[in-house]
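Notes for the structure review
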Amino acid sequence: MARYVFITGGVVSSLGKGLASAALGALLQARGFSVRLRKLDPYLNVDPGTMSPFEHGEVFVTDDGAETDLDLGHYERFTGVSARKTDSVSSGRIYSNVLEKERKGAYLGKTIQVIPHVTNEIKDFLAVGEDEVDFQLCEIGGTVGDIEGLPFFEAIRQFAQDRPRGQCIFMHLTLLPYLAASGELKTKPTQHSVKELRAIGIAPDVLVCRSEQPIPEKERAKIALFCNVRPDAVIPAYDLSTIYEAPLAYHRAGLDRAVLDAFQISPAPRPDMSRWEDVMDRITRPEGEVRVAIVGKYVQLEDAYKSIAEALTHGGMANRVKVRAEWIDAEIFETEDPGAHLQGFHAILVPGGFGERGTEGKIRAAQFARERGIPYLGICLGMQMAVIEAARNLAGIADAGSEEFDHEAGKKRFTPVVYHLKEWVQGTHKVERKVSDDKGGTMRLGAYSAHLTEGSRVAEIYGTTRIEERHRHRYEVDMKWRDQLEACGLLFSGVSPDGRLPEIVEHKGHPWFIGVQFHPELKSKPFAPHPLFASFVKAAKEVSLLV
Ligand code: GLN
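Now for a description of the structure that goes with this document. Small disclaimer: the values here were computed from a predicted structure and weren't measured. The numbers attached to residues start from 1 for each chain and follow its sequence in the written order. Side-chain atom pairs in this predicted model are given and counted only at pLDDT of 80 or more, local residue features only at pLDDT of at least 70, and totals for whole chains, interfaces and linings cover all residues. Heavy atoms throughout the structure, all of them, feed into the side-chain values; hydrogens and water do not.

**Observations concerning the packing of helix H1 (residues 17–30) against helix H10 (residues 255–262)**
A pair of packed helices is captured by two measures, namely the crossing angle of their axes and the spacing between those axes. As a rule, the C-alpha atoms of each element are fitted with a line to give its axis, helices using only the stretch in contact, and angles between N-to-C directions run from 0 to 180 degrees. Secondary structure elements are defined from DSSP: runs of H or I of at least 4 residues count as helices, runs of E of at least 2 residues count as strands, and each element is numbered from the N terminus. Where H1 meets H10, the axes come as close as 10 Å, and the angle between the chain directions of the two elements is 75°. Between H1 and H10, the angle falls in the class roughly perpendicular. Every residue of H10 that contacts H1 at Ala20, Leu24, Leu27 and Leu28 is listed here: Leu255, Asp256, Val259 and Leu260. Residue composition of the contact of H1 with H10, grouped by class: seven nonpolar, no polar and one charged. Roughly parallel here means an angle under 35 degrees, roughly antiparallel means over 145, roughly perpendicular means 65 to 115, and every remaining angle is called oblique. Note on definitions: a residue-residue contact is assigned when non-hydrogen atoms from the two residues lie within 4.5 Å. Throughout this entry, Asp, Glu, Lys and Arg are counted as charged residues, while Ala, Val, Leu, Ile, Met, Phe, Trp, Tyr, Cys and Pro are counted as nonpolar. The remaining residues, Gly among them, count as polar.

Listed below in structure tokens is the structure:
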């Protein structure tokens, strides 16, 4: 049966709880344990799928088609364990399950209450898969004291109480603010945060203290005394130059040791940190630098394209170069010449997105990359825009466009080279959708396989002709244009197994121009860079060596 580590946060949000959880997962793996990381989010959305990227950052899609929090992306990148639908839950989902059961009469006429009905639903979620791994690490979103979070805190308290002693521990992240005027680190907010936790019945076993300044031994002892944790379970967490330093840094700070001690696991298996030492070696000693322009819509918030930024870093690690990704708002190219902004970049990436705003700019960026022979990677919407560019400028379909924008504008303006996908095959069954369907969870989501054309560039990059990648889209390039576009040099080099949906396009004769309908960035890891990103950065490196 799995041991549980519950990870909570206090004092302020954005302390890096997700990263600390992911790093702990990596450290337990380094000691030979199997882990599963899970996220419980107190917000009332059923899932983050319908939230704006500006609100919540990127939506991370799992193989089994769940739209989840971007922390699941961290978990996967650090542990290599593929996230699943059952690794993430929100208050919205919990309440929606409870209300559905109530309507079905499952509670036999009882009055439905937060305790025990909502908390039981949360505990049922926590118990899922407990026989599968050595450790389940469960992170609670938000900070202690948040109103929405209370049922989750109550549920983890009950869960630990229900279980045999020693099966669950609590790890709490806090902040030690530094007062420059008095030159002091202040421990009071941490004390208050722990007090708040203890008031709801949770006594932390391990405290992770974020600090910009070194934490003196005296302060550590004080925190231990006032917060009732052992001194060696007060773990300092300083700012890092890269997130991938987190496993080594937390190991040096004694986090894994403190966690194993709290479970009384002794002797602790020796850790093998070689994977992370190699990752750090590649990041800290690059042999060159490439500049990649990311032409997108949600450029003000870097978290909106989190996995893409990380996958580019991984691509850099594969080629021993540092990737400098710069974000450019696609709308600029609707009024200004792309050349003026894209000069000096070694590659161009157009990421996924929704809605019409900025799409004409993306089309111009694709045209610029195609005409100038600059490496181009189009992801999802970025692929669709590349196809529309080719349709307009090579195949002569001057009003080529996407039905997505016609739906938005409420009138027909384009020849739909990209159309609304209403049915497709998933495994052995057919999925059907209507334009009027709910917005939440109704896209073509999750892992689908694709067949690659023998001898194509993508087949060479992947080293195989069968791949499986994650999808999240509602619109699709129409196969009826295939022959016309291929005659102009845009090859459909990857298609769904039934041959009905295009998955990859590439420009014949271009040094590196690939558009993919899926999201390769979601599967890239620092210790296993995604082949498309490794190859894309390699192409950028070649351009950088020419100039
Ligand atoms: N908006 C496009 C679609 O729904 C692309 C989606 C995406 O880029 N993830 O097909």
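Picking up where we left off.
**A few points about the site of the ligand**
Residues are labelled near a given molecule or strand when at least one of their non-hydrogen atoms is within 4 Å of it. Taken together, Gly352, Gly353, Phe354, Cys380, Leu381, Gln384, Glu404, Arg472, His473, Arg474, Tyr475 and His519 make up all the residues around the ligand. Polar contacts, as used here, are pairs of N or O atoms within 3.5 Å; protein pairs need one atom able to donate a hydrogen and one able to accept it. Residues neighboring in sequence count only if both atoms are side-chain atoms. At 3.1 Å from an oxygen atom of the ligand is found a main-chain nitrogen or oxygen belonging to Leu381. Between Glu404 and the ligand, the recorded distance is 2.7 Å, taken from a side-chain N or O atom to a nitrogen atom. Areas reported as accessible are Shrake-Rupley estimates using a 1.4 Å probe. Residue values count occlusion only from the protein chains shown. Protein coverage of the free-state accessible area of the ligand, which is 300 Å², stands at 98%. Looking at the shell around the ligand, the elements that each hand over two or more residues are helix H15 (381–393) and strand E21 (466–473). The residue inventory of the shell around the ligand, partitioned by class, reads four nonpolar, five polar and three charged.

**Considerations on the pattern of salt bridges**
Should their charged atoms come close, side chains of opposite charge can pair. Just to be clear on terms, a salt bridge is a Lys or Arg side-chain nitrogen sitting within 4 Å of an Asp or Glu carboxyl oxygen. All told, the structure shown has 42 salt bridges when counted by the stated rule. The shortest N-O distance in the salt bridge between Lys104 and Glu100 comes to 3.4 Å. The buried label applies to any residue whose accessible area, calculated with a 1.4 Å probe on protein chains only, is under 20% of its type's maximum; exposed applies above 50%, and partly exposed to all values in between. Classification of Lys104 as exposed rests on a relative accessible area of 67%. Arg482 serves as the salt-bridge partner of Glu486, at 3.4 Å between the closest nitrogen and oxygen. One end of the pair is Glu486 and the other is Arg482, both in helix H18 (residues 482–487) and four residues apart, which spans about a single turn. A relative accessible area of 25% places Arg482 in the partly exposed class. Several salt bridges share partner residues, and in doing so they unite Arg36, Arg38, Arg84, Asp87 and Glu132 into one network.

**Structural notes on the side chain of Ser211**
Structurally, Ser211 can be placed in strand E10 (residues 206–211). A distance of 2.5 Å separates a polar atom in the side chain of Ser211 from the backbone oxygen of Gln213. Beyond its immediate chain neighbours, meaning those up to four positions away, Ser211 contacts Leu176, Leu185, Ala237, Tyr238 and Asp239.

**A few points about the environment of Ile7**
Looking at where Ile7 falls in the secondary structure, it is placed in strand E1 (residues 3–9). Taking relative accessible area as the criterion, Ile7 reaches 0% and is therefore assigned buried.

**Re helix H12 (residues 306–319)**
The terminal C-alpha atoms of H12 lie 20 Å apart, and with 14 residues this matches the ideal 20 Å at 1.5 Å per residue to within 8%. Taken from the residues just after H12, Arg320 is the one with a positive phi, measuring 55°. Expected span of a helix: the number of residues minus one, times 1.5 Å.

**Examining the side chain of His172**
Structurally, the position occupied by His172 is in strand E7 (residues 168–175). We classify His172 as buried; its relative accessible area is 0%. Of the polar contacts made by the side chain of His172, one reaches the side chain of Ser193; its length is 2.7 Å. For His172, the contacting residues outside a window of four places in its chain are Thr8, Gly9, Gly10, Val144, Ser193, Val194, Leu197, Pro204, Val206, Leu207 and Val208.

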